[in-house]
Amino acid sequence: MTQSIFKIHPAIGIARVGNSSEYYLAPESIAAMPQPGKPGDPTTGGLPIRPGTEDTIISSSEFRDSCGAFKRQAARFRIFAYPTEDVDQYPANNGAEIKIGSSINGKKVVDIVWSVHLANKKCSWFANDDDHGAVAYDNGGTPTLRNLREGLDPYNSARLKKLIIDAGPRALKGCDSKASFCPAEQASIEKDGEIISLPDYPQSFPYMHFEQLDTPQGRIDSLGEMETDSSGRLIVAGGYGKSNAWKLDAEDKVKINNPVNNDQWFDDTSDGPVNATVLFDDGTTEAVFGGWVVVTDPSYAPQTLNVVSLFDEAYDLFLRELALEPAVYHQGKFNPDYQPAFDDHIKPIFRATAQQLWNAYLPGFAIDAHNSVDSITADDNPDETILAGLAYIRQPNAGKQASWRSQSIDVGAPLMPLSLGDSSPAGGKPFLSPTVTQYHALHCWSNHQYKKTNDNPLGAGEYLDRATLQNCLGGRFSPGIDMTWVIREPSMYVSNWQQGAGPFRIHHKSLDYTSVIDNSLSYGTPLLTLGWIPRHEDVEYLGLEPGDATKFMALPWHADYNSCAIHQTSPNTQDSQTLYWSWPAQRPVTVYTAQDYQDQQIEKDRHGLPPQRYSVRGSGTVPRENSPEDSGNLANAGRFWEYREMLEKWNDIGVIVQATTIDDGASYPDNVYLEVESRLSGATPNLKAPAPWPMVAGDKTAIKKTR
Amino acid sequence: MSISQFLGTRTQQDLLNSRTLKHPKKITSQNPWTIEALREHLQWAVDVELYTIPFYMSAMYSVIDQASEARRLVRSVVNQEMLHMQCAANIANAYGCDLHITAPHYGGEVPHLDFEANPNQPTKIFSPYSTQIGPMDVLRINAMCIIECPGEFSSATLDPNTAEYSSIGEIYQAIREGAAMLSECIIPNNNQVAHFTSTYPDVSSLIISEDCCEGLVQVNGLIDLIVDQGEGAAWPNDNISPDATIEQRYEDYQQEQLPPEYQNHVDDIQPYWDHFQKFTYLRKQTLPETFPLGFGSPRGRKNQQILINHFGHFLQLMNIVFNPIYQQQLANSNDISVAAVQQMAGAEFGNTMYKVGAAIAACWENGVVPAFSTSASQQEQ
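Residues numbered from 1 in each chain as written. Chains lettered and ligands numbered in written order. Predicted model: local features only at pLDDT ≥ 70, side-chain atom pairs only at ≥ 80, totals over all residues. Heavy atoms only, no water.

## Regarding the overall build of chain A
Then comes step 1: Looking only at helices and strands, chain A has 12 helices and 32 strands in total.
Then comes step 2: Against the compact-globule benchmark of 27 Å for 707 residues, chain A has a radius of gyration of 25 Å, which places it among compact chains.
Then comes step 3: With respect to the principal axes defined by its C-alpha atoms, chain A has extents near 75 × 65 × 60 Å.
Then comes step 4: Every one of the 707 residues in chain A was classed for burial, and the buried ones make up 64%.
Then comes step 5: Carbon together with sulfur atoms contributes 46% to the accessible area of chain A, which is approximately 25,400 Å² in total. (Helix = DSSP H or I, 4+ residues; strand = E, 2+ residues; numbered from the N terminus. Rg over C-alpha atoms; globule rule 2.2 N^0.38 Å. Buried < 20%, exposed > 50% of the residue type's maximum accessible area, 1.4 Å probe, protein only. Areas by Shrake-Rupley, 256 points an atom, 1.4 Å probe, with all protein chains shown as cover.)

Following this line, the structure appears as structure tokens:
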């Protein structure tokens, strides 16, 4: 009989927090690119999907529920069956989705048992070390531990129990079933195709350990839900964007003073393994190569493609270090005959370039130039285009003469992308550059060595892997939004992917749930440990536990989202005051609002666009005083002066979507992307209106001049 | 819709054919200013500013390492030369000039200038040099130093016995004097272009928006900007040995004197330095690695032709953007409004400029020297 192997796709699913009990499904198409299977549809990819539908994208009013709350983004997982031959090929392009009721190899799928385990380990983990990034974990090292008041030993069980939010595992089977990651519901696992309850699983939430909690949007008492749809696919919705802090004394509000590391704080993002077992009508079962779900910040600009995405980072790693496509890259070199596909490898970079204007205030010349990049087709002679000679693309490797009086430098304008790179003096880059693989593809194109279309496209499941990660932020991992530099760590993945798992699949650490069942786990002892430590040979090969993918991120995430609008470069050895965007595609800084676009009283520029507004605006956003010489600094504009305000206003930020999906009754051209659904309000009369780049920091640079 | 669709008298081919340079007729006490003479001088100023841009850009893009000091310093100069071109054109339009912007001719004299007459003797100090388009090498760096070398002059020292000006500064000194004498001719807001304002927010005005005396203040402001960023602010004359060479004197002179409002703090790695200081600094450094020249591959030849085409189109656009008289002619001959002409040219201006830069880079990548006129391309073959 023909054999099959089974895999969950996407390999890494991305869910996002929201303060609504409702959710929409994560996008299954690539931002800014054509939606697959919808030729001629003017709406580009990246938009979330309406629950209960295959691929119906939501309209602008569906980002919020009827009460105005911001909906969560749920990740949808499917199972694909692949032939056992050629499992070491990528793309495989020979998988087929199976659902309950599907037949495969003469057998009928009668059920699928899904299991998911969500946890948040940020509070127990080490501080995010922007100065060193991944380097901080080299040679057995780690950054400073967060929450040292709770103990100096990171492995201490009592400490871990208090500081890890662990909802425990949940298992589901059948169609339209539900389970919640909250203490009111028992943990459960799959065993031999059956669901086993774990009533004694040591679930852990902050309120169980800290009597006095600061709860700006309520108590964290859930990490979300999971459910199956009518065909047995899995849907995982995460937390509600809450943040809790324990009080050390009678102080009413626990402070947040840092963008990424704040002791005493929890948030309800999470991550964990997604597993499944397929049950057949002959009583047999099949294990499935598992996936992973990451629950992270909301996506406020889902159709703005990142020039460098998580997929680009992961693909670059797998290609150059994990033998993904030896025909492309082998033994440390790109195959000189390799021809990237314009539609698959080149065009996304061009589309991403042209999308940046919707979230960042670009001068007219730059908009023209970006549009010129976007207009390049596979039929154009590269030498005649604006990107001839790759004159305006920043090379990924620092030049060997890149020194200025022994100081590290890099080049900003006119090189693209004009956004910030990994912020870290220890190997960090002031500016973002394409990955080595992206740059190589561009170089091939520039030398007329490319094909117009990919004759070996991804299969449907592989496309889900790619689309999911391509809609997430790559580069500038300080620490990032969805995942950080761990995406570049080989030990995070199933490295022998050629054995059937396929690429981009996180290596699950085996957890001994039976210790909960047979009571061999001491009472009060957490099942989860400190977990995966990158670059530590003694543990990194074991794989990831729940919470190990997001523990490197900012705590609470709101603080970093607030902070990372525009910054000077880092390193900044010349003390330049010029400001650049941190994450323009993922963290909109300035936007064109739909309301301004419609307003006939507002003067439009030669591109037909109104002046931009800050995405984060209104009360509390006027930069105040850091020192007598540094007040009202533009570097602090477009954010709340007090980090805490973001804890309660993140759900009021608007969303930038293509005009084709704006259902406010007004008429727009198809190709504009405008902000809708913002609830931020309040006048800021002293704040200078945003202006196109260049932006320069300094005392009172954000404040209107008085006569 | 492209501006190229509209008929004009200034065809790409005409603009790409370098004009035969007229040796300037220097203004002296025996040969006083007229508005025609001032306009002629302003045309020369624009010619000189344009001349530097392809020359410097070509050297810049020949450097392989994007992040090298050489490439970054020359880029900062190129950006300011574009600003200077805009400033010179703004002054020219303020005096009603009918600017003709045509392809520079490289390999011979720098238009309208006789550096041999510069008392600082740059051609002897910065030798050997070449004004052929070429890579960033000793010949080009020396030529850059010569072009930006300060002169020594004042209104009293404009030598009536020499036929040409000896430095860019001297041309502008002459223009300064002519402009003052003819300030009543200033036409405010006549086709003034104001890019770069966000890079130089503290410059009081990059355009001539006033007439007469107030307009003259703006004219002088733009001349100050050009000269100070280029060869540097006026030097103190005290405590300088009369026997010192220009380089020695420059080293003695306190650096970082560029007035704050003329400093580019957005993306210049040495905002305090003028062009001469940047180039003389580079001259003392190890030469950067440049793209090797090939043997004229067919692709390289095509790259040269692409560059010529882009540059020809850019010349057309500059003739429109910087010349209101030509804008009116185009509008009349095509029965469209001046505003439409301006809008179309403005929309293409930036992209075409970027394409010129990209095509220069592509020439070097493919082993050929960038070419800016058909004759130059043939010459290299």
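## A short note on the overall build of chain B
Then comes step 1: Of the regular secondary structure elements, chain B holds 13 helices and zero strands.
Then comes step 2: Listing the helices and strands of chain B from first to last along the sequence gives α-α-α-α-α-α-α-α-α-α-α-α-α.
Then comes step 3: Evaluated residue by residue, chain B yields a buried proportion of 60% over its 381 residues.
Then comes step 4: Put simply, 78% of the contacts in chain B that link residues at least 6 apart link residues at least 24 apart. (Contact = heavy atoms within 4.5 Å.)

## Examining the interface of chain B and chain A
Then comes step 1: Facing 41 residues of chain B, the contacting portion of chain A comprises 44 residues.
Then comes step 2: Linking chain B to chain A there are one salt bridge.
Then comes step 3: Among the salt bridges present, the one from Arg299(B) reaches Asp383(A), with a minimum N-O distance of 2.8 Å.
Then comes step 4: Put simply, chain B and chain A have 13 residue pairs in polar contact (both at pLDDT 80 or more) between them.
Then comes step 5: Those elements that provide at least two residues to the side of chain B that touches chain A are helix H3 (69–94), helix H10 (298–321) and helix H12 (338–365) of chain B.
Then comes step 6: Counting residues per element, the side of chain B that touches chain A draws most heavily on H12(B), which supplies 14 residues.
Then comes step 7: A class-by-class count of the residues in the side of chain B that touches chain A yields 18 nonpolar, 13 polar and 10 charged. (Salt bridge = Lys/Arg side-chain N within 4 Å of Asp/Glu carboxyl O. Polar contact = N/O pair within 3.5 Å; in protein donor to acceptor, adjacent residues only side chain to side chain. Nonpolar A, V, L, I, M, F, W, Y, C, P; charged D, E, K, R; others polar.)

## Observations regarding the environment of Ala119(A)
All names here are of chain A.
Then comes step 1: Relative to the assigned elements, Ala-119 resides in strand E7 (residues 107–120).
Then comes step 2: Expressed as a C-alpha distance, the spacing of Ala-119 and His-345, which sit 226 residues apart in the sequence, is 35 Å.
Then comes step 3: Contact partners of Ala-119, with chain neighbours within four places excluded, come to Ile-165, Asp-166, Leu-223, Thr-269, Ser-270, Asp-271, Leu-528, Pro-546 and Gly-547.

## Comments concerning the sheet that holds strand E15 (residues 243–246) of chain A
Residue and element names in this part refer to chain A.
Then comes step 1: Here three strands make up an open sheet; going across it, the order is E12-E15-E16 and the pairing antiparallel. For this open sheet the edge positions go to strand E12 (213–214) and strand E16 (265–267), each flanked by a neighbour on one side alone.
Then comes step 2: Pairing of E12 with E15 involves two bridges; the strand directions are antiparallel. Looking at E15, one finds that Asp-214 is bridged to Ala-245. (Pairing = 2+ DSSP bridges.)

## Observations regarding the nonpolar core
Then comes step 1: The biggest cluster of nonpolar side chains holds 209 residues, and the ones touching the most others in it are Phe350(A), Leu387(A), Met483(A), Tyr95(B) and Phe322(B).
Then comes step 2: Here this core gets 17 residues from one element, more than from any other, and that element is helix H2 (residues 35–62) of chain B.
Then comes step 3: The residues contacting Phe322(B), other than those within four sequence positions of it, are Met85(B), Gln86(B), Ala89(B), Asn93(B), Leu99(B), Ile101(B), Asn191(B), Val193(B) and Phe349(B).
Then comes step 4: Counting residues in each nonpolar core, the second largest holds 109 residues, with Leu118(A), Leu680(A), Met695(A) and Ala697(A) among its members. (Core = buried A, V, L, I, M, F, W, Y, C linked by side-chain atoms within 4.5 Å.)

## Focus: the sheet that holds strand E24 (residues 566–567) of chain A
Residues and elements named next belong to chain A.
Then comes step 1: Across the sheet, three strands lie side by side as E24-E25-E32; this open sheet has antiparallel pairing. Since the sheet does not close on itself, it has two edges, and those belong to E24 and strand E32 (695–696), each with one partner.
Then comes step 2: Relative to E32, strand E25 (residues 578–581) runs antiparallel, the two being bridged by two bridges. Following the sheet pairing, Thr-578 is matched in E32 by Val-696.

## Notes on H2(B)
Then comes step 1: The end-to-end C-alpha distance of H2(B) is 42 Å, a good match for the 40 Å that 28 residues give at a rise of 1.5 Å each.
Then comes step 2: Of all the 28 residues making up H2(B), 25 are buried; the element is thus mostly covered by neighbouring parts of the structure. (Expected span 1.5 Å × (residues − 1).)

## What about the packing of H10(B) against helix H11 (residues 324–334) of chain B?
Residues and elements named next belong to chain B.
Then comes step 1: At a minimum axis separation of 6 Å, H10 and H11 run at an interaxial angle of 100°. Comparing their axes, H11 and H10 come out roughly perpendicular. Between H10 and H11, the residues in contact are Asn-319, Ile-320 and Val-321 and Tyr-326, Gln-327 and Leu-330, respectively.
Then comes step 2: Taken together, the residues of the contact of H10 with H11 sort by class into four nonpolar, two polar and no charged. (Axes fitted to C-alpha atoms, helices over the stretch in contact; angles between N-to-C directions. Parallel < 35°, antiparallel > 145°, perpendicular 65-115°, else oblique.)

## Re the state of the cysteines
All names here are of chain B.
Then comes step 1: Using the criterion set out here, one finds zero disulfides over all chains in the structure.
Then comes step 2: Of the cysteine sulfurs around Cys-212, a residue in no disulfide, the closest is that of Cys-213, at 6.2 Å.
Then comes step 3: For Cys-212, a relative accessible area of 34% gives the class partly exposed. (Disulfide = S-S within 2.5 Å.)

## Brief notes about the packing of aromatic side chains
The relative placement of two aromatic rings is captured by the distance of their centres and the angle of their planes.
Then comes step 1: This structure, assessed with the given rule, holds 45 aromatic pairs over all chains.
Then comes step 2: Taking 5.6 Å as the distance between ring centres and 75° as the angle between the ring planes, the aromatic pair formed by Trp557(A) and Trp650(A) counts as edge-to-face. Taken together, the residues Trp557(A) in helix H10 (residues 557–563) and Trp650(A) in the loop between helix H12 (643–649) and strand E30 (655–658) connect sequence positions 93 residues apart.
Then comes step 3: Ring-pair connections join several aromatic residues into one group, and the members of that group are Tyr51(B), Phe55(B), Tyr56(B), Tyr106(B), Phe279(B), Phe311(B) and Phe372(B).
Then comes step 4: Above the face of the Tyr82(A) ring, Lys7(A) is positioned so that its terminal group lies 4.3 Å from the ring centre.
Then comes step 5: Seen from the ring of Phe280(A), Lys107(A) lies directly overhead, with NZ or CZ sitting 4.3 Å from the centre. (Phe/Tyr/Trp six-rings, centres within 6.5 Å; stacked < 30°, edge-to-face > 60°. Lys NZ or Arg CZ within 6 Å of the ring centre and 35° of its normal.)

## Here we look at the pattern of salt bridges
Residue and element names in this part refer to chain A.
Then comes step 1: Here the structure, examined in full by the defined rule, presents 44 salt bridges over all chains.
Then comes step 2: One salt bridge in this structure joins Arg-64 and Glu-677, with 3.6 Å as the shortest N-O distance. With Arg-64 in the loop between strand E3 (23–25) and strand E4 (72–83) and Glu-677 in the loop between strand E31 (673–676) and E32, this pair connects stretches of sequence that are 613 residues apart.
Then comes step 3: Its relative accessible area of 23% is what places Glu-677 among the partly exposed residues.
Then comes step 4: As a salt-bridge pair, Glu-225 and Arg-72 come within 2.7 Å of each other at their nearest N and O atoms. With Glu-225 in strand E13 (residues 225–228) and Arg-72 in strand E4, this residue pair connects regions lying 153 residues apart in the sequence. A single burial state applies to Glu-225 and to Arg-72, both of which are buried.
Then comes step 5: Shared partners join several salt bridges into a network, and the residues in it are Glu-28, Glu-54, Arg-76, Arg-78, Glu-97 and Arg-233.

## With respect to the side chain of Ser205(B)
Residues and elements named next belong to chain B.
Then comes step 1: Relative to the assigned elements, Ser-205 resides in the loop between helix H6 (168–181) and helix H7 (212–230).
Then comes step 2: Given a relative accessible area of 15%, Ser-205 falls into the buried group.
Then comes step 3: Among the polar contacts made by the side chain of Ser-205, one reaches the main-chain carbonyl oxygen of Ile-207 at a distance of 2.6 Å.
Then comes step 4: Residues within four places of Ser-205 in sequence aside, it is in contact with Gln-218 and Leu-222.

## A closer look at the side chain of Asn454(A)
Residues and elements named next belong to chain A.
Then comes step 1: With respect to the secondary-structure elements, Asn-454 resides in the loop between helix H6 (436–446) and helix H7 (460–470).
Then comes step 2: The exposure class of Asn-454 is buried, given its relative accessible area of 19%.
Then comes step 3: A polar side-chain atom of Asn-454 sits 2.7 Å from a polar atom in the side chain of Asp-344.
Then comes step 4: At 3.0 Å, the side chain of Asn-454 and the backbone nitrogen of Asn-456 are in polar contact.
Then comes step 5: Sequence-distant contacts of Asn-454, defined by excluding residues within four places in its chain, comprise Ala-341, Asp-343, Asp-344 and His-345.

The values are spatial; any link to function lies outside them.
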